[in-house]
Amino acid sequence: MDLHILDHRLRVTSICKNGLVNFTHPLIKLIFLRNRARCKFFSLTETPENYTVVLDEEGFKELQPSEHLLVESSVWLPLNVVSNGNSSSSSQAVGVTKIAKSVIAPLAQQHVSVFMLSTYQTDFILVREKDLAVVINTLEEEFNIYREVGGEYSAVLSQDVHNGFQKNGKEAPQLTVHPLLIPQNQFCVMSLDPDTLPAIATTLIDVLFYSDSPKEGALPSQDLDCIKFFSFSLIDGYVSLVMDTEAQRQFPADLLFTSSSRELWRMVRIGGQPLGFGKLPFNPSSERPTINECGIVAQISQPLADNDISAYYISTFSFDHALVPEEDIVSVTEMLRQHRKEPAC
Amino acid sequence: MSGSKPDILWSPHHADRYVICDSELGLYRIGPVGCSETKAGALPLSVETAATLLAINSDTPYMKCVAWYPKHEPECLLAVGQANGRVVLTSLGQSHNSKCKELMGKEFVPKHARQCNTLAWNPVDSNWLAAGLDKHRADFSVLIWDISSKFSPEASVAAEKIRLSSGDTDSGLVVTKPLYELGQNDACLSLCWLPRDQKLLLAGMHRNLAIFDLRNTSQKTFVNTKAIQGVTVDPHFPDRVASFFEGQVAIWDLRKFEKPVLTLTEQPKPLTKVAWCPTRMGLLATLTRDSNIIRLYDMQHTPTPIGDETEPTIIERSVQPSNSLIGSFAWHPTSQNRMVVVSAANRVMTDFTVFERISLAWSSTTSLMWACGRHLYECAEGVGGEGTVEKDIATKMRQRAQSRYGHDTVQVWKNHLLAGGDDPQLKSLWYTLFFMKQYTEDVEQKQQGSKQALVYSGIKNIVKSSSGTTENRRCWSGSDRQTDVPRFHSEERSLALRLCGWINRGPDINVEPFLRSLEGEGEWERAAAVALFNLDIRRAIQILNKGASAERGDLNLNVVAMALSGYTDEKSSLWREMCSSLRLQLKNPYLCVMFAFLTSEPGTYDGVLYESSVAVTDRVAFACMFLNDSQLPRYMEKLTSEMKEVGNLEGILLTGLTKDGVDLMESYVDRTGDVQTASFCMLKGSPGEVVKDPRVQCWIENYRNLLDAWRFWHKRAEFDIHRSKLDPSSKPLAQVFVSCNFCGKSISYSCSAMPHQGRGFSQYGVSGSPTKSKVTSCPGCRKPLPRCALCLMNMGTPVSNCPGTGHGTGKSDEKVDLTRENKLAQFNNWFTWCHNCRHGGHAGHILSWFRDHTECPVSACTCKCMQLDTTGNLVPSDSH
């Protein structure tokens, strides 16, 4: 297996709901005018609490500093696992599950926090640039590690990065067990020919920016049975969309790509209630539940991997979200509850 | 697929059909303009061709790529890859083929929808269709579909999971189970099947090129690269592949797949298409976005595989099929270097043939050849068409060399006949040289060496030294009227007249023999003029009469004779007046100058002297008779510089073989390139310094090279002999010696002690009687000479039986007879040896051995002696 360190330097930001109006212009430019904005990596995820925007430094320039914009101070690098054509794996499971054991668990043990971003096309594992030495050191046994520089991949050896290598001080910490929330929405993961983006522009803008406008028959997102969740990403020219079936109905059916089985997914949200995370960066000593805390992804991916269940995983500024197949949700729920009772993972 | 770029596909089997795909598929037939089939609604593609739209298919929206079924039947089956990853089989036009009907509308659906980037039919197993798709996190990007497979729900993943629209499943036309799935969690941007094996598939994946082997799908060969778009195999080299990325094309050799063997110069704009020419080896066409040119890379002379150290030669050029921006192009599958180009907008099509570069070569024998495409053209001089066009000087020189031109050293003037006898300048030149030689020989007999040097320095120098000129006024012969024409005499002037050929040796001026010879050659006008200049008007009239009555004579000569007979020296007579004006209408220059002479004042003969059609010899002779000592050198000077200017060989009469003569010859060679005449002519001047002039040496060397290039080796040898006779300094010194194995002394040198080292070998069994001069041991140390590898006799023993000629040398007891056979027989006795294995023997024996063998005659020696001699297999083209 190969691990690619991609040539993107990413920032993780959050825009609070009522500050969105200040950012609609740059966001629309980043989504629809990809030739104008030289941003190659863009992801926007709406949760009930806020909008999480992950984008490269080119794109980051478009966002004006504002009190509504929270920026995580680190530069993040995306990692990508390439199966290298060894399609011999018998596992039908896909997504995070596949790399849970080989990437996520070892990094959790090294106390490296990861930010997961699954798309229709692939899974990105974002790590902090300062953790890169640890990451390489940890993963080089399992992977051939290549770093992309100017479009060419060159092999990375751990001695190249030893200078910056430092163990993350604390030994495996006491895991904070976060509560889980399993909303009732059904989600689908879809893609789109980037050339047809203009065709769905109005719908997309409506769904992204006017989701809070009252719609007949639909309860606001406070309803704990369903949550508002929408993710759009445009990475290296590939579009990926995650939305619930309600939102999907608003799009023309023939333009969005999905699997021929039209599979649907259920969400497992880690952290039962909004933790008010947005306030935390002002207090660095306080550990953030998803970004600074390591092992959260591992907490959930490990049991799924053990049971060979596919999953998508999308981290946001405040929460982590795992998507599992609809038909597996019962067993997943059972399994995770079970798992939490046994502290060792 | 609105707004996306159009593409063109040629029908694999109908050379006149192609499909354009943009938002729909259009089938066109191409034909000559004005052909009845193409008349109605035809779109002109070029001056000669037009296209007719045969069918349109707009059933398949969101087309991303199209591939044409490679087999004959069904002939117009197309696979269309769509934006959602589905591959649909469709067709254009009517087809009654049942198989086609069965396949039409069949869809191949991937598990996860994403764009289909490329399609490729397997050229051997045409049921296999490879599709390259965009990336999906959990799915494969290369799917190989079997178009003959049926939809079978039980074979696919859990049927109840498939939520296909009911219409699809009912028709049984949807296939969801590919034959092979490759490239998990990757994107595939381009595909092609490798001709090496029907189960090898080359794919341009995300950031790498991969070769999938369907015999073992868990294995793949891959190389990381950015150049992953548009992979295409060179139809003429199954191991050569091109791919591109942005503006750069990479050429790969599959046998050495680690890195591109070549990267072509980067273009400023991204490439959109790269295609090998199917009809021409190593020609790659590339197209960039928003461009109206197609750039061609000719790799015909690029070695395959390309070594690391050699710089490959790629000839790069651009063609512009039309003025509009090009959307796409496609090479015609069979028609040489032809392509159809479609514009980026409005579907404007152009039929275009790339003109092949021309390579051109001269042969050593004047014929010219050039190659253009698959045609080879030869341009040789017309064999039969003589007279119309003058032959090239190289042809002339070749013919002259064969007729031994220049080699007649006795009757020197005959050389102009050997040269063909049709060039007045050569005639004049060789006569001049003949007269000069004749004079020197005379002088030698008379023991008057003083003039000898002078005679070759030309009339210009001869008359300069003129002294003791006498002047006399003679009567017109046959008339007692006194003339007032002064005539000048001196020894030098007589010599000049001799060199001009007017008079023979002796003090008298008697032109009668010259007149007779002119009459003999039918040069009536010239003879009459010469007679007139010698003040014999009656003889002139007589000559003209004779000329008029001669066979095919010109009756007008009688009229001229009549006019001549009316001559009067009255200054103001009507005759004089009319003659001086009407003479200019006479076509023959000699008739013209006759009247000019008669009507001009004494001392002013410009009408004669500057009549350029009159031979230089005659004008010079005339000047020597009628110009005084001050006028004559001036005239000579002027004429000489005129001759030098134009490179007229007649001027050699004036310049002689002096530096002036070399100047004149230089402008002659510049004008004609005739180094042959220049070489032979200048060699005659051997007593002087002219031969050492670098220009002369250059001509001689060039002529020798020319003879060598024509493989006229014997001629060249003859020329060298000729040259060494005339210019002993050019004789090469002996370059090869045979030295004794024991004492190391040269056996030829030490024994003969002859000054002519070159003749040394003749001692060994050739000259004289074999018994007498047989030397089989070293004259220095008395040790035996080596043995001939074939006859096992010691060298020095004459060849007794020479298989080639059947001539024994034993017979020739007498003086060496230098006949051709004898010379050959002499050569048979020469020492010869291989420089590689050092075996050898009698030249005759060795020669006959290698006529039938390739290996050295010494047993156990495997040296291929004769093949080491690169020129050994060439045959001289002048062998007798």
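Quick caveat, the model's predicted, so the values are computed rather than measured.

Trainee: Help me understand the pattern of salt bridges, please; the structure alone is not making it clear to me.
Mentor: If the charged atoms of two oppositely charged side chains come close together, the side chains can form a pair. Residues and elements named next belong to chain B. By the definition in use, this model includes 55 salt bridges over all chains. Between aspartate 7 and lysine 273 there is a salt bridge whose closest N-O contact spans 3.3 Å. Residue aspartate 7 is located in strand β1 (residues 7-10), and its partner lysine 273 is located in strand β23 (residues 271-276); the two are separated by 266 residues in the primary sequence. By relative accessible area, lysine 273 is classed as buried at 18%. Where lysine 659 meets aspartate 663, a salt bridge forms, and the shortest distance between an N and an O atom there is 3.4 Å. Here aspartate 663 and lysine 659 lie together in helix α19 (residues 659-672), a separation of four residues that amounts to about one turn. Classification of lysine 659 as exposed rests on a relative accessible area of 54%. Three or more residues joined by partner-sharing salt bridges are found here, namely Lys460, Glu637, Lys644, Lys659, Asp660, Asp663, Glu666, Asp693 and Arg695.

Trainee: Just to check I follow, could you spell out the pairing of strand β3 (residues 25-32) of chain B for this structure?
Mentor: All names here are of chain B. The buried fraction of β3 is high, at seven of eight residues. Note: strand β2 (residues 17-21) against β3, five bridges, orientation antiparallel. Note on β3: the bridge partner recorded for tyrosine 18 is tyrosine 28. Joining the antiparallel neighbours β2 and β3 is a turn of three residues.

Trainee: Help me understand the packing of helix α20 (residues 675-684) of chain B against helix α22 (residues 713-726) of chain B, please; the structure alone is not making it clear to me.
Mentor: Axis angle and axis distance: for two packed helices, these are the angle between their axes and the distance between the axes, and together they describe the pair. Residues and elements named next belong to chain B. In the contact formed by α20 and α22, the axes pass within 9 Å of each other and the chain directions differ by 25 degrees. Considering the angle they form, α20 stands roughly parallel to α22. In this structure, the crossing between α20 and α22 has a hand that is left-handed. Taken together, the residues of α22 that come into contact with α20 (itself represented by Ser679, Phe680, Leu683 and Lys684) are Phe719, His722, Arg723 and Leu726.

Trainee: Looking at this model, I keep getting lost on helix α3 (residues 393-402) of chain B. Mind explaining?
Mentor: Given 3.6 residues per helical turn, the α-helix brings residues three or four places apart onto the same face. All names here are of chain B. Listed as buried for α3 are Ala394, Thr395, Lys396, Met397, Arg400 and Ala401. Measuring from the backbone nitrogen of alanine 394 back to the side-chain oxygen at the start of α3 gives 2.9 Å, which picks out aspartate 392 as the cap. Arginine 404 occupies a position one or two residues after α3 and carries a positive phi of about 65 degrees.

Trainee: I keep staring at the state of the cysteines and nothing clicks. Help me out?
Mentor: Structurally, a disulfide amounts to a covalent bond that connects the sulfur atoms of two cysteines. Residues and elements named next belong to chain B. Tallied over the entire structure, the rule returns zero disulfides over all chains. Of all cysteine sulfurs, the one in cysteine 856 lies closest to cysteine 861, which takes part in no disulfide; the gap is 3.8 Å. Assessed through its relative accessible area of 13%, cysteine 861 is described here as buried.

Trainee: Can you walk me through the environment of B:Tyr567 in this structure?
Mentor: Residue and element names in this part refer to chain B. As for its placement among the helices and strands, tyrosine 567 is situated in the loop between α12 (556-565) and α13 (574-582). Taking relative accessible area as the criterion, tyrosine 567 reaches 12% and is therefore assigned buried. Remark: the alpha-carbon pair of tyrosine 567 and phenylalanine 595, spanning 28 residues in sequence, is separated by 9.3 Å.

Trainee: Please explain the nonpolar core as it appears in this structure.
Mentor: Note that soluble globular proteins tend to have their nonpolar side chains buried in a common cluster. In this structure, B:Ile459, B:Trp502, B:Phe533, B:Phe597, B:Val620 and B:Met665 are the most contacted members of the largest nonpolar core, which totals 107 residues. Built from parts of two domains, this core gets at least three residues from each of domain 3 (402-466 + 629-732) and domain 4 (468-627) of chain B. Counting 40 residues, the second largest nonpolar core, distinct from the first, contains A:Leu3, A:Ile5, A:Ile145 and A:Val268.

Trainee: Whenever I open this one, helix α11 (residues 537-549) of chain B confuses me. Can you help?
Mentor: Residues and elements named next belong to chain B. If you check α11, its first and last C-alpha atoms are 19 Å apart, about what 13 residues at 1.5 Å a residue would give, namely 18 Å. Inspection of α11 places Ile537, Arg539, Ala540, Ile541, Ile543, Leu544, Gly547 and Ala548 among the buried residues, and these make up the whole buried set. At its buried positions, α11 is contacted by α9 (512-520), α10 (524-533), α12 and α14 (589-599).

Trainee: Would you explain the packing of aromatic side chains in this entry?
Mentor: Geometry of an aromatic ring pair is reported as the spacing of the ring centres plus the angle between the planes. Residues and elements named next belong to chain B. Within the structure shown, the criterion is met by 34 aromatic pairs over all chains. Both rings, one in tyrosine 405 and one in phenylalanine 680, keep their centres 6.1 Å apart while their planes meet at 65 degrees; by these two values the pair is edge-to-face. Of this pair, tyrosine 405 sits in the loop between α3 and α4 (415-418) while phenylalanine 680 sits in helix α20, and the two are 275 residues apart along the sequence. In terms of burial, tyrosine 405 and phenylalanine 680 fall into one category: buried.

Trainee: I tried to follow the confidence of the model for chain B on my own but got confused; where do I start?
Mentor: Atom-level detail of predicted coordinates should not be read off regions where pLDDT is low. Residue and element names in this part refer to chain B. Per-residue confidence for chain B gives a mean pLDDT of 80; residues scoring 70 or more make up 83%. Contacts for the low-pLDDT stretch residues 750-773, under 50 throughout, to residues beyond four places or in other chains number 37 contacts. Long-range and interchain partners of residues 802-816, a stretch whose pLDDT sits below 50, account for 18 contacts in this model, where long-range means more than four residues apart. Predicted complex metrics record ipTM = 0.79 and pTM = 0.65.

Trainee: Hey, could you run me through the packing of helix α21 (residues 694-709) of chain B against α22(B) in this one?
Mentor: All names here are of chain B. With their axes 7 Å apart at the nearest point, α21 and α22 run at an angle of 155 degrees to one another. For the element pair α21 / α22, the angle class is roughly antiparallel. When you trace α21 past α22, the crossing you get is left-handed. Every residue of α22 that contacts α21 at Gln697, Ile700, Glu701, Tyr703, Arg704, Leu707 and Asp708 is listed here: Trp713, Lys715, Arg716, Phe719, Asp720 and Arg723.

Trainee: Before we go on, may I ask you to explain the sheet that holds strand β30 (residues 358-362) of chain B in this structure?
Mentor: Hydrogen bonds along the backbone pair up the strands of a sheet, which may run parallel or antiparallel. Residues and elements named next belong to chain B. Read across the open sheet, the three strands follow the order β30-β31-β32; overall the sheet is antiparallel. Where the open sheet ends on each side, the last strands, each with one partner, are β30 and β32 (375-379). Across the sheet, the mean angle from the axis of one strand to that of its neighbour is 15 degrees, orientation sign disregarded. For β30 and strand β31 (residues 368-372), the ladder comprises five bridges, and the chain directions are antiparallel. Looking across to β31, one finds that alanine 361 is bridged to methionine 369.

Trainee: Could you clarify how one ought to interpret the interface of chain B and chain A in this entry?
Mentor: Chain B puts 31 residues into the contact, and the matching count from chain A is 40 residues. Summed over both partners, the interface of chain B with chain A buries about 3,100 Å², with 45% contributed by carbon and sulfur atoms. Taking the shortest distance from any N to any O, the salt bridge between B:Lys64 and A:Asp195 comes out at 3.4 Å. Linking chain B to chain A there are nine residue pairs in polar contact (both at pLDDT 80 or more). In terms of residue count, the dominant contributor to the side of chain B that touches chain A is strand β18 (residues 220-224) of chain B (three residues). Here the residues of the side of chain B that touches chain A are counted per class, giving eleven nonpolar, nine polar and eleven charged.

Criteria and cut-off values
- Residues numbered from 1 in each chain as written.
- Chains lettered and ligands numbered in written order.
- Predicted model: local features only at pLDDT ≥ 70, side-chain atom pairs only at ≥ 80, totals over all residues.
- Heavy atoms only, no water.
- Salt bridge = Lys/Arg side-chain N within 4 Å of Asp/Glu carboxyl O.
- Helix = DSSP H or I, 4+ residues; strand = E, 2+ residues; numbered from the N terminus.
- Buried < 20%, exposed > 50% of the residue type's maximum accessible area, 1.4 Å probe, protein only.
- Pairing = 2+ DSSP bridges.
- Axes fitted to C-alpha atoms, helices over the stretch in contact; angles between N-to-C directions.
- Parallel < 35°, antiparallel > 145°, perpendicular 65-115°, else oblique.
- Left-handed = near helix turned anticlockwise from the far one by under 90°.
- Contact = heavy atoms within 4.5 Å.
- Polar contact = N/O pair within 3.5 Å; in protein donor to acceptor, adjacent residues only side chain to side chain.
- Disulfide = S-S within 2.5 Å.
- Core = buried A, V, L, I, M, F, W, Y, C linked by side-chain atoms within 4.5 Å.
- Domains from an automatic or database assignment.
- Expected span 1.5 Å × (residues − 1).
- Phe/Tyr/Trp six-rings, centres within 6.5 Å; stacked < 30°, edge-to-face > 60°.
- pLDDT = per-residue confidence, 0-100.
- Buried area = accessible area lost by both parts, 1.4 Å probe.
- Nonpolar A, V, L, I, M, F, W, Y, C, P; charged D, E, K, R; others polar.

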